[in-house]
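Breakdown of the fold
Now for the letters of each chain:
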Amino acid sequence: MNSHELRQLDNAHVWHPFTAMSAYRDESAPIIVEADGFYLTDTDGRRYLDGHSSLWCNIHGHRVPAIDAAIRKQLDRVAHSTLLGLANEPSIELAAELVRRTPAGLNKVFYADCGAAGVEVALKIAFQYHRQKSSGPEERDLFVCLDHAYHGDTVGTISLGGIDRFHSLFGSLMFPALRVPSPALRLPSGGRESPGSSMSVCAPKSRGTHVPRSEAETELEQILAEHAHRIAGFVIEPLVQAAAGILVHPPGYLKRVRELTRQYGIPLIADEIAVGFGRTGTLFACEQEDVSPDILILSKGLTGGYLPLAATLVTDEIYDAFLGDPWSGRTFYHGHTYTGNPLACAAALASLRLIDEHDVLANALRIESVLRRELAPLAEPRDSLPTLGGTNAHVAEVRQKGTMVGIELVQDRETLTPFPPEWRVGHQVTLACRRRGVILRNIGDVIVLMPAPAMQEELVVELCQVVRDSIGEVLSAAGCWPGQAKNHV
Ligand SMILES: Cc1ncc(COP(=O)(O)O)c(C=O)c1O
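So, here is what we can say about the structure in this document. (Residues numbered from 1 in each chain as written. Predicted model: local features only at pLDDT ≥ 70, side-chain atom pairs only at ≥ 80, totals over all residues. Heavy atoms only, no water.)

For the rest of this paragraph, the subject is empty space enclosed by the protein. Using the criterion set out here, one finds one cavity of 30 Å³ or more in the structure. Approximately 30 Å³ is the volume attributed to the largest cavity. In terms of residue count, helix α1 (residues 3-13) provides more of the lining of the largest cavity than any other element does, three residues in total. Partitioning the lining of the largest cavity into residue classes produces two nonpolar, two polar and three charged. (1 Å grid on protein atoms, 1.4 Å probe; cavity = no way out; pocket = protein on both sides within 12 Å on 5 of 7 lines; lining within 4 Å. Points joined across faces, edges and corners; volume = space filled by probe spheres on them. Helix = DSSP H or I, 4+ residues; strand = E, 2+ residues; numbered from the N terminus. Nonpolar A, V, L, I, M, F, W, Y, C, P; charged D, E, K, R; others polar.)

What follows concerns the packing of aromatic side chains. All told, the structure shown has seven aromatic pairs when counted by the stated rule. Ring geometry for F277 versus F284: centroids 5.3 Å apart, planes at 70°, classification edge-to-face. Comparing F277 with F284 shows no difference in burial state: the two are buried. Aromatic pair F322 and F332: ring centres 5.8 Å apart, planes at 80°, arrangement edge-to-face. Taken together, the residues span a long stretch of sequence, with F322 in the loop between α11 (316-320) and α12 (342-357) and F332 in the loop between α11 and α12 at a distance of ten residues. For the pair F322 and F332, one class covers both residues: buried. Put simply, the rings of F18, Y150 and F166 touch in pairs and so form one group of aromatic residues. In this arrangement the basic side chain of K108 is found over the ring face of Y319, its NZ or CZ atom lying 4.7 Å from the centre. Sitting over the face of the ring of F127, R131 holds its NZ or CZ atom 3.6 Å from the ring centroid. (Phe/Tyr/Trp six-rings, centres within 6.5 Å; stacked < 30°, edge-to-face > 60°. Buried < 20%, exposed > 50% of the residue type's maximum accessible area, 1.4 Å probe, protein only. Lys NZ or Arg CZ within 6 Å of the ring centre and 35° of its normal.)

Glancing now at the sheet that holds strand β1 (residues 32-36). In space, the four strands of this open sheet follow the order β1-β2-β3-β15, with mixed pairing throughout. Of all the strands in the sheet, just β1 and β15 (438-439) have a single pairing partner and so form its edges. Two elements, strand β3 (residues 47-50) and β15, share two bridges in a ladder whose sense is parallel. In the sheet register, D50 faces β15, and the bridge partner there is I439. (Pairing = 2+ DSSP bridges.)

Spatially, the four strands line up as an open sheet ordered β13-β14-β17-β16, and their pairing is antiparallel. Unpaired on one side and paired on the other, β13 (395-401) and β16 (441-443) mark the two borders of the sheet. On average, each strand axis in the sheet is tilted by 25° relative to the strand beside it, whichever way the strands run. Relative to strand β17 (residues 446-449), β16 runs antiparallel, the two being bridged by three bridges. Considered in β17, the bridge of I443 is made with V446. Helix-sheet contacts for helix α13 (residues 360-379) involve β13, β14 (404-409) and β17, and the interaxial angle to β13 is about 170°. (Axes fitted to C-alpha atoms, helices over the stretch in contact; angles between N-to-C directions. Contact = heavy atoms within 4.5 Å.)

A word on the pairing of strand β7 (residues 231-236). The element β7 is extensively covered by neighbouring structure, given that six of its six residues are classed as buried. Relative to β7, strand β5 (residues 142-146) runs parallel, the two sharing three bridges. Directly across from F143, in β7, lies its bridge partner G233. For β7 and strand β10 (residues 268-271), the ladder comprises three bridges, and the chain directions are parallel. Among the inter-strand pairings, F234 is bridged to a residue of β10, identified as L268.

Moving on, we get to the nonpolar core. If you look at the biggest cluster of nonpolar residues, it comprises 63 residues, and the most contacted ones within it are L94, F234 and F277. Tallying contributions element by element places α12 first for this core, with six residues. Taken together, domain 1 (31-60 + 359-477) and domain 2 (68-357) each give at least three residues to this core, which thus spans both. Leave out the neighbours within four places in its chain, and L94 touches Y111, L309, C345, A348, L349 and L352. With 33 residues, the next largest nonpolar core counts C433, A452, M455 and C464 among its residues. (Core = buried A, V, L, I, M, F, W, Y, C linked by side-chain atoms within 4.5 Å. Domains from an automatic or database assignment.)

Time to look at the site of the ligand. If you check the shell around the ligand, you find W56, C114, G115, A116, Y150, H151, G152, E237, D271, I273, A274 and K300 and nothing else. Separating an oxygen atom of the ligand from a backbone N or O atom of G115 is a distance of 2.8 Å. Between an oxygen atom of the ligand and a side-chain N or O atom of K300, the distance comes to 3.2 Å. For the ligand, the protein covers 83% of the area, taking 380 Å² as the surface of the free molecule. (Near = heavy atom within 4 Å. Polar contact = N/O pair within 3.5 Å; in protein donor to acceptor, adjacent residues only side chain to side chain. Areas by Shrake-Rupley, 256 points an atom, 1.4 Å probe, with all protein chains shown as cover.)

What follows deals with the side chain of S351. Checked against the element boundaries, S351 lands in helix α12. Those residues within four positions of S351 in sequence are excluded, and the remaining contacts are H60, I67, G301, L302, T303 and G304.

Written as structure tokens, this is what we have:
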């Protein structure tokens, strides 16, 4: 089928996720047909640098010979067989590898097939655990989550979500959760922003507008102390709240959460779906604060970005609560058809081997400095730089942790006034990047860069150059400068 025919069918039949379909139909989005390394190629033969790791999951690039070979080898044996009451070889080997590499104490692995499903598994395990634990059953029924949290799009995971644009509509469907302030959020001039308010409100640290750590911790302590007996688990994205626009937590916060949850006997549930596999500079974010959660959820980068798979790891103490006579009702009655899929597990094993063989973590650290260096001009505190055409006057903040970057654009950097949403400034920047041969996605007016941890430094330089140029192009067309009229954005 040629490009035109495919596009017609796409517009006629495919409903794209997180996509404003009315606008999408006119944008002639690339239809990807193949890839090599860190480039994606579309039906018209155009190549694009994959600047967001194919939605934060790619680790080593595309068509990696070792991963391709591992999947093919597994394909020659068996593509799928269930884990319900049966086992398969790659899922066993992968479980052992994950236990070996994750923080101490996580010894049991439950598989699912996407991040949200992995979080749902964690929630249900924690909920059931309290009813069956050896220290005596408790009817705990509440989860704690952070303001502006994101843990997926199923009804259970959106109940923990705090991003208005994605979650508020479904309020009446959600179960109640206790929300604590994110230590990364800012205080607007009038005081703390209300929970669940728009996510494009993160201001430069230098202006002292973040919730002071002690304040966030004080509220956290109060909530835990007051409700501990009802709290089934504390769910957190360690170090970085990615979908909130790369909100970076201050050092020490995660450790404090671990101390408090331990003190109050609350299971700590770490969602490393976005931050795992090298994106924050260590294999797992929890390592940086020497934290061992009680439950850990992995997905996205688990298979190197090849196939859908999630793993929820738990401690022996939690697992043991589910043991007992088969008729005692202690079994975890949860599972998905493709749980522990052998092809996905084979890809994950190959990806983990490559992380070691290619020292991907060392590369991630190099990329981290390249990003910092190349994007520094955007965060310059001057009103304009000749090379950026004044762009940096509209950059509220460049937030970075490891290889994860969020560049927040605002109409007025001093007052932090956002752009009118109908201008779709963030989206326009990603379209401008695409015209320059780079694929990225925005979250509102936050431009997210998420190069694969194994990407070569020169490609990261190219990525940053394109992002700077694209931001400059869009903002100068957006009528941001005195005397210029807003046009097509
Ligand atoms: C922290 C976090 N948790 C959960 C999810 C949901 O994963 P999935 O899209 O695979 O369901 C995401 C996805 O971006 C995420 O960033």
